[in-house]
Amino acid sequence: MIEASGLTKRYGDKTAVYNLSFQVRPGTVTGFLGPNGSGKSTTMRMILGLDNPTAGRVTICGHPYDKLPNAPRQVGALLDAKAVHGGRSARNHLLSLAQLSGIPARRVDEVLGVVGLHEVAGRRSKGFSLGMGQRLGIAAALLGDPQVLLFDEPVNGLDPEGILWVRNLMKSLAAEGRTVFVSSHLMSEMALTADHLIVIGRGQLMADMSVRDFISANSADFARVRTPDTEPQQREKLSAAITEAGGHVLPEQDGALRVTGLPLPRISDIAHDHDVRLWELSPHQASLEEAYMRLTQGAVDYRSTIDQKEGLQQPLPPGAQPPVPVPGQGQPGWYAPPPPQQGGGQPFAPPQAAPAGPYGAPPAPAAAPAAPAANPYAQPPQAPPSAPQPAAPSAEPTKSEDAR
Ligand SMILES: Nc1ncnc2c1ncn2[C@@H]1O[C@H](COP(=O)(O)OP(=O)(O)OP(=O)(O)O)[C@@H](O)[C@H]1O
(Lines give C-alpha, C1' and ligand atoms only; values in the text may rest on other atoms or scores of the structure.)
Protein backbone atom coordinates (compact mmCIF):
# COMPACT_ATOMS: atom_id res chain seq x y z
CA MET A 1 0.00 0.00 0.00
CA ILE A 2 1.24 3.46 -0.92
CA GLU A 3 -0.29 6.32 1.01
CA ALA A 4 0.21 10.03 0.26
CA SER A 5 -1.13 12.68 2.56
CA GLY A 6 -1.01 16.40 1.82
CA LEU A 7 1.97 15.78 -0.43
CA THR A 8 3.42 19.03 -1.77
CA LYS A 9 6.60 19.77 -3.73
CA ARG A 10 7.88 23.19 -4.71
CA TYR A 11 10.91 23.92 -6.83
CA GLY A 12 11.53 27.61 -6.14
CA ASP A 13 8.44 29.41 -7.43
CA LYS A 14 7.16 26.34 -9.20
CA THR A 15 4.66 24.17 -7.33
CA ALA A 16 4.99 20.78 -9.00
CA VAL A 17 2.69 18.89 -6.61
CA TYR A 18 0.15 20.41 -4.27
CA ASN A 19 -1.66 18.83 -1.32
CA LEU A 20 -1.96 15.43 -2.93
CA SER A 21 -3.63 12.70 -0.88
CA PHE A 22 -4.35 9.21 -2.22
CA GLN A 23 -3.88 5.53 -1.55
CA VAL A 24 -2.60 2.90 -3.96
CA ARG A 25 -3.94 -0.46 -2.82
CA PRO A 26 -2.53 -3.94 -3.29
CA GLY A 27 -4.15 -6.42 -5.65
CA THR A 28 -5.05 -3.89 -8.35
CA VAL A 29 -3.29 -2.03 -11.12
CA THR A 30 -3.64 1.67 -10.36
CA GLY A 31 -3.10 3.98 -13.32
CA PHE A 32 -1.52 7.37 -12.68
CA LEU A 33 -2.66 9.87 -15.30
CA GLY A 34 -2.14 13.53 -15.94
CA PRO A 35 -1.04 15.89 -18.71
CA ASN A 36 2.64 16.64 -19.35
CA GLY A 37 4.16 18.49 -16.42
CA SER A 38 1.30 17.68 -14.06
CA GLY A 39 3.61 16.21 -11.43
CA LYS A 40 3.48 12.44 -11.96
CA SER A 41 7.24 11.85 -12.02
CA THR A 42 7.75 14.23 -9.11
CA THR A 43 5.19 12.27 -7.11
CA MET A 44 6.85 8.97 -7.98
CA ARG A 45 10.25 10.34 -7.00
CA MET A 46 8.86 11.42 -3.64
CA ILE A 47 7.35 7.97 -3.11
CA LEU A 48 10.82 6.50 -3.73
CA GLY A 49 12.60 8.96 -1.47
CA LEU A 50 14.45 10.56 -4.40
CA ASP A 51 12.89 13.97 -3.75
CA ASN A 52 11.88 15.32 -0.38
CA PRO A 53 8.36 16.69 -0.04
CA THR A 54 8.10 20.38 0.80
CA ALA A 55 5.07 19.44 2.89
CA GLY A 56 3.01 16.35 3.62
CA ARG A 57 4.26 12.79 3.54
CA VAL A 58 4.13 9.62 1.55
CA THR A 59 4.62 6.12 2.92
CA ILE A 60 4.98 2.60 1.60
CA CYS A 61 3.55 -0.05 3.91
CA GLY A 62 3.42 2.62 6.61
CA HIS A 63 7.04 3.79 6.30
CA PRO A 64 8.69 6.57 4.33
CA TYR A 65 10.92 4.92 1.71
CA ASP A 66 14.16 5.71 3.53
CA LYS A 67 12.85 4.10 6.74
CA LEU A 68 11.59 1.01 4.98
CA PRO A 69 13.37 -2.14 6.12
CA ASN A 70 14.86 -3.95 3.11
CA ALA A 71 13.58 -1.30 0.70
CA PRO A 72 14.94 -2.85 -2.52
CA ARG A 73 13.21 -6.11 -1.64
CA GLN A 74 9.91 -4.39 -0.97
CA VAL A 75 9.79 -1.78 -3.71
CA GLY A 76 10.78 -1.97 -7.36
CA ALA A 77 10.50 0.85 -9.85
CA LEU A 78 11.09 1.80 -13.42
CA LEU A 79 11.52 5.56 -13.64
CA ASP A 80 13.92 6.13 -16.48
CA ALA A 81 14.92 3.17 -18.61
CA LYS A 82 17.86 5.11 -20.05
CA ALA A 83 19.45 5.42 -16.62
CA VAL A 84 21.89 2.56 -17.12
CA HIS A 85 25.63 2.37 -17.59
CA GLY A 86 25.71 1.78 -21.36
CA GLY A 87 29.11 0.10 -21.24
CA ARG A 88 27.85 -2.68 -19.03
CA SER A 89 26.10 -5.75 -20.31
CA ALA A 90 22.48 -6.27 -19.30
CA ARG A 91 23.53 -9.08 -16.97
CA ASN A 92 26.31 -7.03 -15.34
CA HIS A 93 23.97 -4.07 -14.90
CA LEU A 94 21.48 -6.28 -13.06
CA LEU A 95 24.25 -8.07 -11.16
CA SER A 96 25.56 -4.78 -9.80
CA LEU A 97 22.06 -3.78 -8.69
CA ALA A 98 21.59 -7.20 -7.09
CA GLN A 99 24.89 -6.98 -5.22
CA LEU A 100 24.05 -3.53 -3.87
CA SER A 101 20.82 -4.90 -2.47
CA GLY A 102 21.97 -8.31 -1.27
CA ILE A 103 19.95 -10.13 -3.87
CA PRO A 104 21.31 -13.53 -4.98
CA ALA A 105 22.97 -13.52 -8.41
CA ARG A 106 20.75 -16.36 -9.64
CA ARG A 107 17.81 -13.98 -9.51
CA VAL A 108 19.43 -11.98 -12.34
CA ASP A 109 18.98 -14.81 -14.81
CA GLU A 110 15.45 -15.34 -13.61
CA VAL A 111 14.41 -11.76 -14.37
CA LEU A 112 16.32 -11.75 -17.67
CA GLY A 113 14.16 -14.72 -18.62
CA VAL A 114 10.99 -13.02 -17.43
CA VAL A 115 11.59 -9.99 -19.66
CA GLY A 116 12.90 -12.02 -22.59
CA LEU A 117 16.44 -10.59 -22.62
CA HIS A 118 18.41 -13.74 -21.70
CA GLU A 119 19.61 -14.12 -25.31
CA VAL A 120 21.24 -10.69 -25.25
CA ALA A 121 22.26 -10.67 -21.59
CA GLY A 122 25.95 -10.43 -22.49
CA ARG A 123 25.54 -7.45 -24.82
CA ARG A 124 26.32 -3.91 -23.78
CA SER A 125 23.12 -2.06 -23.10
CA LYS A 126 24.19 1.00 -25.08
CA GLY A 127 23.41 -1.01 -28.22
CA PHE A 128 19.91 -1.79 -27.03
CA SER A 129 16.81 -0.56 -28.81
CA LEU A 130 14.27 1.56 -26.93
CA GLY A 131 12.12 -1.49 -26.28
CA MET A 132 15.06 -3.62 -25.06
CA GLY A 133 16.01 -0.78 -22.70
CA GLN A 134 12.46 -0.75 -21.33
CA ARG A 135 12.62 -4.49 -20.76
CA LEU A 136 15.93 -4.09 -18.93
CA GLY A 137 14.37 -1.39 -16.74
CA ILE A 138 11.44 -3.67 -15.98
CA ALA A 139 13.87 -6.48 -15.13
CA ALA A 140 15.59 -4.17 -12.63
CA ALA A 141 12.24 -3.32 -11.06
CA LEU A 142 11.42 -7.03 -10.64
CA LEU A 143 14.85 -7.96 -9.29
CA GLY A 144 13.98 -7.89 -5.60
CA ASP A 145 10.64 -9.70 -6.15
CA PRO A 146 8.99 -6.68 -4.50
CA GLN A 147 5.44 -6.34 -3.27
CA VAL A 148 5.19 -2.72 -4.41
CA LEU A 149 5.98 -1.74 -8.00
CA LEU A 150 6.06 1.66 -9.68
CA PHE A 151 6.36 2.04 -13.42
CA ASP A 152 6.69 5.41 -15.15
CA GLU A 153 5.61 4.97 -18.79
CA PRO A 154 6.57 1.28 -18.97
CA VAL A 155 5.34 0.73 -22.53
CA ASN A 156 7.34 3.60 -23.95
CA GLY A 157 9.02 2.34 -27.13
CA LEU A 158 7.59 -1.15 -26.98
CA ASP A 159 6.09 -2.79 -30.06
CA PRO A 160 2.50 -4.08 -29.92
CA GLU A 161 3.59 -7.49 -28.72
CA GLY A 162 5.73 -5.88 -25.99
CA ILE A 163 2.80 -3.66 -24.97
CA LEU A 164 0.59 -6.72 -24.64
CA TRP A 165 3.26 -8.44 -22.58
CA VAL A 166 3.59 -5.45 -20.21
CA ARG A 167 -0.19 -5.32 -19.86
CA ASN A 168 -0.32 -8.99 -18.87
CA LEU A 169 2.69 -8.59 -16.59
CA MET A 170 1.06 -5.70 -14.69
CA LYS A 171 -2.17 -7.63 -14.32
CA SER A 172 -0.46 -10.81 -13.13
CA LEU A 173 1.67 -8.89 -10.62
CA ALA A 174 -1.50 -7.31 -9.23
CA ALA A 175 -3.30 -10.66 -9.24
CA GLU A 176 -0.52 -11.96 -6.98
CA GLY A 177 -1.58 -9.32 -4.47
CA ARG A 178 1.13 -6.77 -5.24
CA THR A 179 0.66 -3.03 -5.37
CA VAL A 180 1.15 -1.84 -8.96
CA PHE A 181 1.26 1.90 -9.70
CA VAL A 182 1.77 2.79 -13.34
CA SER A 183 1.80 6.07 -15.22
CA SER A 184 1.02 6.32 -18.89
CA HIS A 185 -0.21 8.72 -21.53
CA LEU A 186 -1.68 5.88 -23.57
CA MET A 187 -5.33 5.99 -22.61
CA SER A 188 -6.39 3.00 -24.67
CA GLU A 189 -3.72 0.96 -22.92
CA MET A 190 -4.65 2.23 -19.48
CA ALA A 191 -8.28 1.35 -20.16
CA LEU A 192 -7.19 -2.25 -20.74
CA THR A 193 -4.63 -2.48 -17.93
CA ALA A 194 -5.77 -0.45 -14.93
CA ASP A 195 -8.59 -1.19 -12.50
CA HIS A 196 -8.31 2.09 -10.65
CA LEU A 197 -7.16 5.57 -11.66
CA ILE A 198 -5.54 8.48 -9.93
CA VAL A 199 -5.65 11.55 -12.17
CA ILE A 200 -3.77 14.75 -11.43
CA GLY A 201 -3.68 18.11 -13.17
CA ARG A 202 -1.22 20.90 -12.35
CA GLY A 203 -0.05 18.89 -9.34
CA GLN A 204 -3.50 18.49 -7.79
CA LEU A 205 -5.80 15.53 -7.47
CA MET A 206 -8.59 15.52 -10.06
CA ALA A 207 -9.97 11.99 -9.72
CA ASP A 208 -9.41 8.87 -7.62
CA MET A 209 -11.84 6.14 -8.68
CA SER A 210 -12.31 2.97 -10.70
CA VAL A 211 -11.85 3.18 -14.47
CA ARG A 212 -15.54 2.42 -14.97
CA ASP A 213 -16.67 5.15 -12.57
CA PHE A 214 -14.20 7.59 -14.10
CA ILE A 215 -15.63 7.10 -17.58
CA SER A 216 -19.22 7.34 -16.31
CA ALA A 217 -18.49 10.46 -14.28
CA ASN A 218 -16.73 12.28 -17.09
CA SER A 219 -18.70 11.35 -20.15
CA ALA A 220 -22.27 10.88 -21.22
CA ASP A 221 -23.52 7.41 -22.09
CA PHE A 222 -25.46 7.38 -25.32
CA ALA A 223 -27.55 5.16 -27.53
CA ARG A 224 -26.97 4.54 -31.20
CA VAL A 225 -30.18 4.23 -33.15
CA ARG A 226 -30.42 3.28 -36.81
CA THR A 227 -33.49 3.18 -38.96
CA PRO A 228 -33.59 1.49 -42.39
CA ASP A 229 -31.18 3.23 -44.75
CA THR A 230 -33.77 2.97 -47.52
CA GLU A 231 -36.35 5.05 -45.65
CA PRO A 232 -34.84 8.42 -44.65
CA GLN A 233 -38.24 9.78 -43.65
CA GLN A 234 -38.36 7.23 -40.82
CA ARG A 235 -35.13 8.64 -39.47
CA GLU A 236 -36.55 12.18 -39.55
CA LYS A 237 -39.78 11.07 -37.90
CA LEU A 238 -37.93 9.29 -35.08
CA SER A 239 -35.51 12.15 -34.60
CA ALA A 240 -38.39 14.61 -34.14
CA ALA A 241 -40.22 12.28 -31.75
CA ILE A 242 -37.14 11.70 -29.59
CA THR A 243 -36.47 15.44 -29.41
CA GLU A 244 -40.08 16.07 -28.45
CA ALA A 245 -39.73 13.50 -25.65
CA GLY A 246 -36.74 15.39 -24.21
CA GLY A 247 -33.87 13.46 -25.82
CA HIS A 248 -30.92 14.99 -27.67
CA VAL A 249 -30.16 13.74 -31.14
CA LEU A 250 -26.95 14.04 -33.12
CA PRO A 251 -26.35 12.49 -36.53
CA GLU A 252 -23.54 9.93 -36.77
CA GLN A 253 -21.40 9.73 -39.89
CA ASP A 254 -22.85 6.40 -40.97
CA GLY A 255 -26.41 7.69 -40.91
CA ALA A 256 -27.28 6.48 -37.42
CA LEU A 257 -28.49 8.76 -34.63
CA ARG A 258 -26.61 9.34 -31.38
CA VAL A 259 -29.18 9.84 -28.63
CA THR A 260 -28.50 11.10 -25.12
CA GLY A 261 -30.93 11.89 -22.32
CA LEU A 262 -33.31 8.96 -22.77
CA PRO A 263 -32.96 5.34 -21.63
CA LEU A 264 -32.93 2.62 -24.29
CA PRO A 265 -36.41 1.19 -23.44
CA ARG A 266 -37.92 4.66 -23.81
CA ILE A 267 -36.30 5.10 -27.23
CA SER A 268 -37.66 1.72 -28.24
CA ASP A 269 -41.17 2.68 -27.07
CA ILE A 270 -41.05 5.97 -28.96
CA ALA A 271 -40.02 4.15 -32.14
CA HIS A 272 -42.84 1.65 -31.66
CA ASP A 273 -45.42 4.38 -30.98
CA HIS A 274 -44.43 6.16 -34.20
CA ASP A 275 -44.31 3.03 -36.32
CA VAL A 276 -40.60 3.35 -36.99
CA ARG A 277 -38.63 0.18 -37.63
CA LEU A 278 -35.17 -0.01 -36.05
CA TRP A 279 -32.10 -1.67 -37.48
CA GLU A 280 -30.01 -0.87 -34.44
CA LEU A 281 -30.54 0.26 -30.86
CA SER A 282 -27.39 -0.17 -28.80
CA PRO A 283 -25.95 1.28 -25.58
CA HIS A 284 -22.51 2.96 -25.73
CA GLN A 285 -20.05 4.30 -23.24
CA ALA A 286 -17.45 6.90 -24.12
CA SER A 287 -13.80 5.82 -24.19
CA LEU A 288 -11.37 6.51 -21.36
CA GLU A 289 -9.62 8.92 -23.70
CA GLU A 290 -12.79 10.98 -24.22
CA ALA A 291 -13.48 11.05 -20.48
CA TYR A 292 -9.86 11.95 -19.69
CA MET A 293 -9.79 14.76 -22.26
CA ARG A 294 -13.00 16.16 -20.88
CA LEU A 295 -11.73 16.15 -17.30
CA THR A 296 -8.25 17.48 -17.96
CA GLN A 297 -8.85 19.98 -20.76
CA GLY A 298 -8.56 22.87 -18.31
CA ALA A 299 -5.36 21.53 -16.76
CA VAL A 300 -3.19 21.17 -19.86
CA ASP A 301 -0.07 23.31 -19.81
CA TYR A 302 1.32 22.54 -23.24
CA ARG A 303 -1.06 22.55 -26.18
CA SER A 304 -0.35 22.90 -29.86
CA THR A 305 -1.92 25.97 -31.43
CA ILE A 306 -1.45 25.05 -35.06
CA ASP A 307 -2.45 22.16 -37.25
CA GLN A 308 0.74 20.13 -37.31
CA LYS A 309 -0.32 18.54 -40.58
CA GLU A 310 -0.75 21.83 -42.36
CA GLY A 311 2.68 21.89 -43.90
CA LEU A 312 2.27 18.34 -45.19
CA GLN A 313 -0.79 19.08 -47.25
CA GLN A 314 -0.57 19.22 -51.00
CA PRO A 315 -2.01 22.47 -52.34
CA LEU A 316 -5.34 21.85 -54.01
CA PRO A 317 -5.33 22.12 -57.78
CA PRO A 318 -7.23 25.18 -59.06
CA GLY A 319 -10.97 24.67 -58.73
CA ALA A 320 -10.69 21.46 -56.66
CA GLN A 321 -12.73 21.04 -53.49
CA PRO A 322 -11.36 19.60 -50.24
CA PRO A 323 -12.45 16.00 -49.57
CA VAL A 324 -15.76 15.46 -47.79
CA PRO A 325 -16.45 12.93 -45.05
CA VAL A 326 -17.47 9.49 -46.26
CA PRO A 327 -20.20 7.97 -44.10
CA GLY A 328 -18.75 5.22 -41.92
CA GLN A 329 -15.15 6.00 -42.82
CA GLY A 330 -14.37 8.77 -40.40
CA GLN A 331 -12.86 12.10 -41.35
CA PRO A 332 -11.44 12.66 -44.80
CA GLY A 333 -8.05 11.02 -44.90
CA TRP A 334 -5.57 13.39 -46.47
CA TYR A 335 -2.73 11.34 -45.04
CA ALA A 336 -4.37 7.96 -45.01
CA PRO A 337 -2.05 5.16 -46.10
CA PRO A 338 -3.07 3.22 -49.20
CA PRO A 339 -5.37 0.27 -48.57
CA PRO A 340 -3.68 -3.07 -47.94
CA GLN A 341 -2.74 -5.00 -51.07
CA GLN A 342 -5.46 -7.31 -52.24
CA GLY A 343 -4.74 -10.96 -52.72
CA GLY A 344 -1.04 -10.70 -51.91
CA GLY A 345 0.79 -12.57 -49.22
CA GLN A 346 1.01 -11.31 -45.70
CA PRO A 347 4.09 -9.14 -45.59
CA PHE A 348 3.63 -8.59 -41.88
CA ALA A 349 2.44 -12.02 -40.87
CA PRO A 350 2.54 -12.49 -37.10
CA PRO A 351 5.42 -14.47 -35.69
CA GLN A 352 4.88 -18.04 -34.61
CA ALA A 353 3.49 -18.35 -31.14
CA ALA A 354 6.22 -18.66 -28.58
CA PRO A 355 6.08 -20.29 -25.19
CA ALA A 356 5.03 -17.90 -22.49
CA GLY A 357 7.33 -17.19 -19.57
CA PRO A 358 6.38 -16.89 -15.94
CA TYR A 359 4.54 -13.64 -16.60
CA GLY A 360 3.56 -14.38 -20.18
CA ALA A 361 7.07 -13.31 -21.10
CA PRO A 362 7.84 -12.22 -24.64
CA PRO A 363 8.99 -14.89 -27.05
CA ALA A 364 12.24 -16.38 -25.94
CA PRO A 365 14.51 -17.04 -28.91
CA ALA A 366 16.42 -19.64 -26.94
CA ALA A 367 15.66 -21.86 -24.02
CA ALA A 368 14.85 -19.74 -21.00
CA PRO A 369 16.53 -20.42 -17.70
CA ALA A 370 14.75 -22.81 -15.44
CA ALA A 371 11.50 -21.38 -14.13
CA PRO A 372 12.06 -19.67 -10.78
CA ALA A 373 10.77 -21.27 -7.67
CA ALA A 374 7.81 -19.50 -6.15
CA ASN A 375 8.93 -16.35 -4.39
CA PRO A 376 12.63 -16.97 -3.83
CA TYR A 377 12.63 -14.27 -1.17
CA ALA A 378 10.00 -15.67 1.11
CA GLN A 379 12.71 -15.80 3.80
CA PRO A 380 13.85 -12.25 4.44
CA PRO A 381 17.62 -12.12 4.06
CA GLN A 382 19.95 -10.43 6.47
CA ALA A 383 19.02 -6.81 6.95
CA PRO A 384 21.09 -4.54 4.74
CA PRO A 385 22.64 -1.38 6.14
CA SER A 386 20.05 0.95 7.54
CA ALA A 387 21.22 3.89 5.45
CA PRO A 388 18.89 4.82 2.60
CA GLN A 389 19.39 2.35 -0.20
CA PRO A 390 20.27 3.57 -3.65
CA ALA A 391 16.93 2.18 -4.78
CA ALA A 392 18.39 -0.69 -6.72
CA PRO A 393 15.09 -1.63 -8.29
CA SER A 394 14.45 1.91 -9.37
CA ALA A 395 16.59 1.57 -12.46
CA GLU A 396 19.25 3.94 -11.21
CA PRO A 397 17.41 7.01 -10.09
CA THR A 398 19.44 9.56 -11.95
CA LYS A 399 16.49 11.93 -12.08
CA SER A 400 17.02 12.85 -8.47
CA GLU A 401 16.37 16.35 -7.29
CA ASP A 402 20.07 17.14 -7.10
CA ALA A 403 20.77 15.84 -10.54
CA ARG A 404 18.28 18.15 -12.16
N1 LIG B 1 14.09 19.39 -10.42
C2 LIG B 1 13.17 20.25 -10.85
N3 LIG B 1 13.40 21.57 -10.80
C4 LIG B 1 12.47 22.46 -11.20
N5 LIG B 1 11.25 22.12 -11.70
C6 LIG B 1 10.97 20.82 -11.79
C7 LIG B 1 11.89 19.82 -11.36
N8 LIG B 1 11.31 18.60 -11.55
C9 LIG B 1 10.09 18.84 -12.08
N10 LIG B 1 9.89 20.17 -12.21
C11 LIG B 1 8.68 20.82 -12.72
O12 LIG B 1 7.58 20.28 -12.01
C13 LIG B 1 6.48 20.09 -12.88
C14 LIG B 1 6.04 18.64 -12.84
O15 LIG B 1 7.01 17.86 -13.51
P16 LIG B 1 6.92 16.28 -13.64
O17 LIG B 1 8.12 15.81 -14.38
O18 LIG B 1 6.68 15.71 -12.30
O19 LIG B 1 5.59 16.10 -14.53
P20 LIG B 1 5.04 14.81 -15.26
O21 LIG B 1 3.58 14.78 -14.97
O22 LIG B 1 5.84 13.63 -14.90
O23 LIG B 1 5.27 15.20 -16.77
P24 LIG B 1 5.45 14.25 -18.07
O25 LIG B 1 4.13 13.57 -18.29
O26 LIG B 1 5.76 15.22 -19.15
O27 LIG B 1 6.57 13.29 -17.78
C28 LIG B 1 6.92 20.55 -14.25
O29 LIG B 1 6.50 21.88 -14.44
C30 LIG B 1 8.42 20.47 -14.18
O31 LIG B 1 9.02 21.43 -15.02
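So, here's what we can say about the structure. Model, not experiment: these values are computed from the prediction.

Turning our eyes to something else, we now look at the side chain of Thr 179. In this fold, Thr 179 is placed in strand β7 (residues 179-183). With a relative accessible area of 1%, Thr 179 lands in the buried category. Each residue touching Thr 179, except ones within four places of it in the same chain, is listed here: Met 1, Ile 2, Val 24, Arg 25, Pro 26, Gly 27, Gln 147, Val 148 and Leu 149.

On to the environment of Gly 144. Locating Gly 144 in the fold gives a position in the loop between α5 (130-142) and β6 (148-152). Taking C-alpha positions, Gly 144 is 4.4 Å from Arg 73, a pair spaced 71 residues apart along the chain.

We now examine helix α1 (residues 40-47). For α1, the buried fraction is high: seven of the eight residues fall into the buried class. Buried within α1 we find Lys 40, Thr 42, Thr 43, Met 44, Arg 45, Met 46 and Ile 47. Of the residues one or two after α1, Gly 49 is the one with positive phi, at around 70°.

As a packed pair, helix α3 (residues 90-101) and helix α4 (residues 106-115) sit with axes 9 Å apart at the nearest point and diverge in direction by 130°. Overall, the two elements α3 and α4 adopt an arrangement that is oblique. When the axes of α3 and α4 are compared, the crossing they make is right-handed. Listed contacts from α4 to Ala 90, Arg 91, Leu 94, Leu 95 and Ala 98 of α3 are Val 108, Asp 109, Val 111 and Leu 112. Among the residues making up the contact of α3 with α4, the classes are represented as seven nonpolar, no polar and two charged.

Here the structure, examined in full by the defined rule, presents 17 salt bridges. Arg 178 serves as the salt-bridge partner of Asp 145, at 3.0 Å between the closest nitrogen and oxygen. Taken together, the residues Asp 145 in the loop between α5 and β6 and Arg 178 in the loop between α6 (160-175) and β7 connect sequence positions 33 residues apart. Comparing Asp 145 with Arg 178, the two get one shared label, buried.

Taken together, six strands build an open sheet; the order of strands is β5-β6-β7-β3-β8-β9 and the sheet is mixed. Strands at the two margins of the open sheet, each flanked by one partner only, are β5 (75-78) and β9 (204-210). Neighbour-to-neighbour, the strand axes of the sheet open up by a mean angle of 15°, direction not taken into account. Here four bridges tie strand β3 (residues 29-33) to strand β8 (residues 196-201), and the two strands are oriented parallel to one another. By the bridge assignment for β8, Thr 30 is matched with His 196. Sheet contacts for helix α11 (residues 288-296): β3, β8 and β9; angle to β8, the most-contacted strand, approximately 30°.

Before going further, it helps to spend a moment on unusual backbone geometry. A positive phi angle, close to 50°, is found at Cys 61, a residue other than glycine. For Cys 61, the location among the structural elements is in the loop between β4 (55-60) and α2 (71-74). A positive phi angle, close to 50°, is found at Glu 153, a residue other than glycine. In this fold, Glu 153 is placed in the loop between β6 and α6. When its relative accessible area of 19% is taken as the criterion, Glu 153 is described as buried.

Note on soluble globular proteins: their nonpolar side chains tend to be buried together. If you look at the biggest cluster of nonpolar residues, it comprises 50 residues, and the most contacted ones within it are Leu 94, Leu 117, Ile 138, Leu 142, Phe 151, Leu 197 and Phe 214. Discounting residues that sit within four places of it in the chain, Leu 197 has contacts with Gly 31, Leu 33, Ala 207, Asp 208, Met 209, Val 211, Phe 214 and Leu 288. Counting residues in each nonpolar core, the second largest holds 27 residues, with Val 17, Val 24, Val 148 and Ile 200 among its members.

The rules behind the values
- Residues numbered from 1 in each chain as written.
- Predicted model: local features only at pLDDT ≥ 70, side-chain atom pairs only at ≥ 80, totals over all residues.
- Heavy atoms only, no water.
- Helix = DSSP H or I, 4+ residues; strand = E, 2+ residues; numbered from the N terminus.
- Buried < 20%, exposed > 50% of the residue type's maximum accessible area, 1.4 Å probe, protein only.
- Contact = heavy atoms within 4.5 Å.
- Axes fitted to C-alpha atoms, helices over the stretch in contact; angles between N-to-C directions.
- Parallel < 35°, antiparallel > 145°, perpendicular 65-115°, else oblique.
- Left-handed = near helix turned anticlockwise from the far one by under 90°.
- Nonpolar A, V, L, I, M, F, W, Y, C, P; charged D, E, K, R; others polar.
- Salt bridge = Lys/Arg side-chain N within 4 Å of Asp/Glu carboxyl O.
- Pairing = 2+ DSSP bridges.
- Core = buried A, V, L, I, M, F, W, Y, C linked by side-chain atoms within 4.5 Å.

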